[in-house]
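Residue-level structure breakdown
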Amino acid sequence: MPPVRSALTAILGPTNTGKTHLAVERMCAHSSGMIGFPLRLLAREIYDRVVAMKGVQNVALITGEERIEPPQARWYCCTVESMPIQKEFAFVAIDEAQLGADPERGHIFTDRILHARGREETMILGSESLRPIIRSLLPDAEIISRPRFSTLSYAGAKKLSRLPKRSAIVAFSIEQVYAVAETLRRMRGGAAVVMGALSPRTRNAQVAMFQSGEVDYLVATDAIGMGLNLDVAHVAFVSLSKFDGSRRRRLTVAEMAQIAGRAGRHQRDGSFGTLAGEGSEFTPEEVLAIEGHSFPRLDWLYWREANPRFNDIATLIADLEKKPHRPGLLPAPKVIDLLVLKRLAEMPDVKALIRHQVDVARLWEVACLPDFRQMGEEHHSRFVASLWQYLGQNDRVIPQGVYASELARLDNIQGDVDTLSARIAAVRTWTYIAHRSDWLTNPPAMAERARALEEKLSDALHDALRQRFVDKRTSMLLRKSAKDVGLLPVDIQADNRVLVDGEDIGTLQGFAFRVDPAAKASDRKLLLAAAERHLAAYLRQKAKDVSMAEDSEFSLAADGEGKPAIFWQGEILGALTKGRTLLQPAFTPVKAVAGLEGDALREITTRAEGWIAAQLAKAMGGIVGLLELAQQADVDGNVRALAVRLADEGGIAGRHYLADAIAALPKEARGAARKGGIVFGALDIYHHAALKPAAAKWRAALFAARDNRAMPELPPESAVHLKAWNFANASEARNAGYRRIGDEYVRIDLAERVIKKAHEARGQGNLFGMDMAFATSLGISEAGLKALMRDAGFRPAEKAIEPQVVPETVADNVVEAIEVVAEDVARTPEPEKLEAAVPAEPEASAPEAAAPPAAEPQAITLTHWRWVGLPKPRPPEQRQPRAKPQHQASRATGQPQVKQQAKPERAPVAAKQTAQPSSLALQLAALKGLKL
């Protein structure tokens, strides 16, 4: 049988003609085959498709940075540079053959067009512009034209905000790509990003986001023009010019068509245009050529000697610069590998290691290392020279420790998009090295480590791109129509995060929705609208829960500004504000509650007001009792007036404040006042129930609501004495149930008990000794005790003096006068009765508690005091203004100031203090309100 003649076919046509799909089908129909692709990403895509048909053990993938080659592999997917042309295959194809005119890679495509052949069939896939050069170089080839499946039409210039969904925006610089992607994030929820600098894994992940509909826009460089299968409806050019490595130039019509042809899928029509306002417009001739797929014909391809001689470096360089001898071929420009070789040839350290043709060949292999990092000729040459120091001598391999340390240096997923992209590019360099079987001692293990690191960095880069350029939440809300958005599921998490269709849009704090702080200002209105739509039914049910809640679920506490507020299950409902009276505060719902519709707002307001009334009746029973006392017609009018004034003060008032009411109160009427719960202390008048902790808390809240101020912080409920505390003023301390003594505070009822004991110890005398064990048991310091005794009309004395006998009539007058000041203290309820009105105290605060029996009686230490009496308050009209100092009076009259000499009275006064006044004199002085 004669041998089967190999068929050579050129399949030419515009994009979206199914050329690649046809080639894959033809390859799989043969016993073996190989296709060379222009991109590693496209090779990987076709590899996955063929694996699905033939099985992973029968398919190989070979690129510069990835090599999967099972022993029995029969079908190969490769990049054009990595095609193992030394192997024999039944079928061979070269995709995007028009890249033979590319200044950097064209000579490789040209070599494959001229020499890569299948045993049974060879296909050359490319643009219609290849027809004349194929006729010239391969006259035996059968040329078949493939028409485009769909129509490609010009849509003009559109604003970015007007671009239709499923659009790809093409830019020609990283800065432009980032700027467009950032704008789309704000306006449309985000975009996928595809650039040639990305790793295939990252590009696949970004493309998958676009293909799945997670985002509706794709921002890319011209890398998408090389056969990537994308579901794109419109292609918009940011610019129509690019920098090609040497100069900035306008795209050729073929390049425009290659990119614009990505629009449309199979039989679905597509469109192309530009971004309005960017200054780039297609000419009518360019539009006509793209729509009609009519491009200038290629009359030449770049060529370079594929099998140079390795006699020496000079011969190698001369062969690589040799001009072609066939028409239709032009010498390839000096690309990076040849430029690197020339620089290496000038380095003494490099030339010193070249001793044989094998060394020259190996040096050329090293010089062909791709510049993945885009460092430029100078820096890349130095890097290659450093590798040559290992590959050109000794074991002629890169030490494993060096390789591992370089990977370890790059193993860092922190950083922004540019930093991660640079690390991936560096890893790609070491991945390429690992796939050179004679450059490492253990290439498979190193290749696996490099692959794992590249995947790790690629995943981090994808996350960084997603975080920077995609707002999934906004994208989801924008993709849903107004009709559908109300049907999305709403989920309130345990931490009150609000998820709409699985997307976190903010937090529900009580009845208020708070937009995620990370959301941009332009997104806030959209998110608030979405929350209002989704949460309405949930909040109505929540209002019903409030109306049915138990009293224990409500609480009184300070809001964010410190003002009194009502909370339900820790969520604020509203604030206490000034009402008609102190005991009738108003309830003002917070903005979120006030914004509820009709019934929901009414249910919450009614329940909150009912709870407030119940709590006031329970906690402020003392004030309620005072108001009831004021309404009793059979009670003396002075008692009723006192009850009203005391109720207005929250049940506690200083005695001096009520002095006029007490003075007008007949002695016989005080029994009715005490029966009503009023306690007459030496310094304070109070209702016995007003000192309970609950009453103190509500009293603080009621006064804060009345005065529109923040609630003061209250001491612990069990505290009877405070050393490290600071009330804003005496009123706050009194409302909390405490009296200030020096720099300390003591509970009002216990202060009165100390004063009562002092009067009991005094009896009818003015000078007396007193056991202060009770006061010290409360924790009152010596200075605090002196301050309390001073407020109560006592002064320290050096020693107790036996009381002198005075005439009976004088003694009776003195006793009567003292009783006017202290009669109510003497009648203060006994400690055991008083305890029922105050919370339990610590052991140290209970002086009446029975002490364990002691073997010996404890020594009693007496302190000595002198009673001087309390000054009688005078009506305001009797209070004379304080005289101005002499120097102020002189300044006011304009008279010359006369220097006053020091008054000599102080020395005699000191002398008088040495003689103790008689007991009778002290009593008479007390009657007149004088101090000795």
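Residues numbered from 1 in each chain as written. Predicted model: local features only at pLDDT ≥ 70, side-chain atom pairs only at ≥ 80, totals over all residues. Heavy atoms only, no water.

1. Points about the overall build of the protein
A count of helices and strands for the protein gives 35 helices and 35 strands. For the protein, the residues scored as buried account for 49% of the 932 residues in total. Sequence-distant contacts, at least 24 apart, represent 69% of the contacts inside the protein between residues at least 6 apart. Split by element, the accessible area of the protein, about 45700 Å² in all, is 52% carbon and sulfur. (Helix = DSSP H or I, 4+ residues; strand = E, 2+ residues; numbered from the N terminus. Buried < 20%, exposed > 50% of the residue type's maximum accessible area, 1.4 Å probe, protein only. Contact = heavy atoms within 4.5 Å. Areas by Shrake-Rupley, 256 points an atom, 1.4 Å probe, with all protein chains shown as cover.)

2. Considerations on helix H10 (residues 336-345)
Those residues of H10 that fall on the buried side of the exposure criterion are Asp337, Leu338, Val340, Leu341, Leu344 and Ala345. One face of H10 carries all of its buried residues, which in axial projection span an arc of 160°. Where H10 is buried, its residues contact helix H9 (313-320), helix H11 (348-351), helix H12 (357-367) and helix H13 (377-391). (Arc of directions from axis to C-beta.)

3. Focus on helix H22 (residues 621-630)
Of all the positions in H22, only Gly622, Ile623, Gly625, Leu626, Leu629 and Ala630 are classed as buried. Projection of H22 onto a plane perpendicular to its axis shows the buried side chains occupying an angular sector of 155°, all on one side. For H22, the secondary structure elements touched by its buried residues are helix H23 (637-648), helix H25 (670-675), strand E28 (678-680) and strand E29 (684-687).

4. Looking at the sheet that holds strand E30 (residues 721-722)
Judged by pairing direction, the sheet is antiparallel, and its three strands sit side by side in the order E30-E32-E31 without closing on themselves. Among the strands making up the open sheet, the edge pair consists of E30 and strand E31 (738-741). Note that E31 and strand E32 (residues 744-747) share four bridges and pair antiparallel. Its bridge partner being in E32, Ile741 is matched across the sheet by Glu744. Lying over the sheet, helix H28 (residues 748-762) contacts E31 and E32, oriented at roughly 90° with respect to E32. (Pairing = 2+ DSSP bridges. Axes fitted to C-alpha atoms, helices over the stretch in contact; angles between N-to-C directions.)

5. Thoughts on the sheet that holds strand E5 (residues 75-79)
Spatially, eight strands are ordered E4-E3-E5-E2-E6-E7-E1-E8 in an open sheet, and the strand pairing comes out mixed. Each edge of the open sheet carries a strand with a single partner, namely strand E4 (67-68) and strand E8 (142-145). Against the sheet, helix H1 (residues 19-29) engages strand E1 (7-12), strand E2 (33-37), E5, strand E6 (91-94) and strand E7 (121-126), with an angle of about 165° to E7.

6. Digging into the pairing of strand E35 (residues 862-867)
Pairing analysis gives five bridges linking strand E33 (residues 767-771) to E35, with the strands arranged antiparallel. Bridging across to E35, Phe768 finds its partner in Trp865. Relative to E35, strand E34 (residues 794-796) runs antiparallel, the two being bridged by three bridges. Among the inter-strand pairings, Phe794 is bridged to a residue of E35, identified as Trp867.

7. Here's the deal with the side chain of Gln615
Within the secondary structure, Gln615 is located in helix H21 (residues 598-619). When sequence neighbours within four positions are dropped, the list of residues in contact with Gln615 reads Met620 and Trp698.

8. A word on the environment of Ala672
Structurally, Ala672 can be placed in helix H25. Residue class for Ala672 comes out partly exposed when judged on its relative accessible area of 33%. Taking the C-alpha atoms as reference, Ala672 lies 7.5 Å from Val639; in sequence the two are 33 residues apart.

9. What to know about the packing of aromatic side chains
One pass over the structure, following the stated rule, counts 16 aromatic pairs. By way of ring pairs, the aromatic residues Tyr154, Phe237, Phe272 and Phe282 are connected into one cluster. Across from the ring centre of Trp867, 4.8 Å away, lies the NZ or CZ of Arg762, which sits over that ring. (Phe/Tyr/Trp six-rings, centres within 6.5 Å; stacked < 30°, edge-to-face > 60°. Lys NZ or Arg CZ within 6 Å of the ring centre and 35° of its normal.)

10. Describing the nonpolar core
Soluble, globular proteins show a tendency: their nonpolar side chains are buried together. Ranked by internal contacts, the top residues of the largest apolar core, which has 68 residues, are Ile169, Leu341, Tyr403, Trp430 and Ile433. Element by element, the count of residues in this core is highest for helix H16 (residues 443-469), at ten residues. Formed by 58 residues, the second largest nonpolar core is a distinct cluster that contains Ala543, Ile566, Ala608 and Val639. (Core = buried A, V, L, I, M, F, W, Y, C linked by side-chain atoms within 4.5 Å.)

11. Things to note about the packing of helix H5 (residues 174-188) against H16
Two packed helices can be described by the angle between their axes and the distance between those axes. Contact geometry for H5 and H16: axes closest at 8 Å, N-to-C directions at 55°. As summarised for this structure, H5 and H16 are arranged oblique, according to the angle between their axes. The residues of H16 that touch H5, namely those facing Tyr178, Ala181, Glu182 and Arg185, are Gln467, Arg468 and Phe469. In terms of residue class, the contact of H5 with H16 is made up of three nonpolar, one polar and three charged. (Parallel < 35°, antiparallel > 145°, perpendicular 65-115°, else oblique. Nonpolar A, V, L, I, M, F, W, Y, C, P; charged D, E, K, R; others polar.)

12. Here we look at unusual backbone geometry
Not every positive phi belongs to a glycine, and His293 is a case in point at roughly 55°. Judged by relative accessible area, His293 falls into the partly exposed class, the value being 25%. Phi is positive for Gln569, close to 50°, though the residue is something other than glycine. Topologically, Gln569 is positioned in the loop between strand E24 (564-568) and strand E25 (571-577).

13. Examining the pairing of strand E23 (residues 554-558)
Two strands pair when backbone bridges link them, and E23 and E24 are joined in this way by five bridges, in the antiparallel orientation. Of the residues in E24, the one forming a bridge with Ala558 is Pro564. Taking the residues between adjacent antiparallel strands as the criterion, E23 and E24 are bridged by five residues, where Gly562 takes a positive phi near 85°.

14. Brief notes about the pattern of salt bridges
With the rule as written, the count across this model stands at 49 salt bridges. The shortest N-O distance in the salt bridge between Arg44 and Asp48 comes to 3.6 Å. One end of the pair is Arg44 and the other is Asp48, both in helix H2 (residues 40-54) and four residues apart, which spans about a single turn. For Lys342, the salt bridge is made with Glu321, and the minimal N-O distance between the two is 2.3 Å. (Salt bridge = Lys/Arg side-chain N within 4 Å of Asp/Glu carboxyl O.)

15. Digging into the environment of Ile755
Its location among the elements puts Ile755 in helix H28. Overall, the relative accessible area of 0% leaves Ile755 in the buried class.

16. As for the confidence of the model for the protein
This prediction gives the protein a mean pLDDT of 80; 81% of its residues lie at or above 70. Note that pLDDT drops below 50 for residues 800-858; the model gives that stretch 80 contacts with residues more than four away or on any other chain. (pLDDT = per-residue confidence, 0-100.)

17. A look at the packing of H9 against H12
Where H9 contacts H12, the two axes come as close as 10 Å, and the packing angle between them is 50°. By the angle between their axes, H9 is oblique relative to H12. In this structure, H9 crosses over H12, and the sense of that crossing is right-handed. Contact residues: H9 offers Ile313, Leu316 and Leu320, while H12 offers Val360, Leu363 and Trp364. Residue composition of the contact of H9 with H12, by class: six nonpolar, no polar and no charged. (Left-handed = near helix turned anticlockwise from the far one by under 90°.)

18. Structural notes on the state of the cysteines
Scanning all chains against the criterion turns up zero disulfides. With no disulfide partner, Cys77 has as its closest neighbouring cysteine sulfur the one in Cys78, 7.0 Å distant. (Disulfide = S-S within 2.5 Å.)

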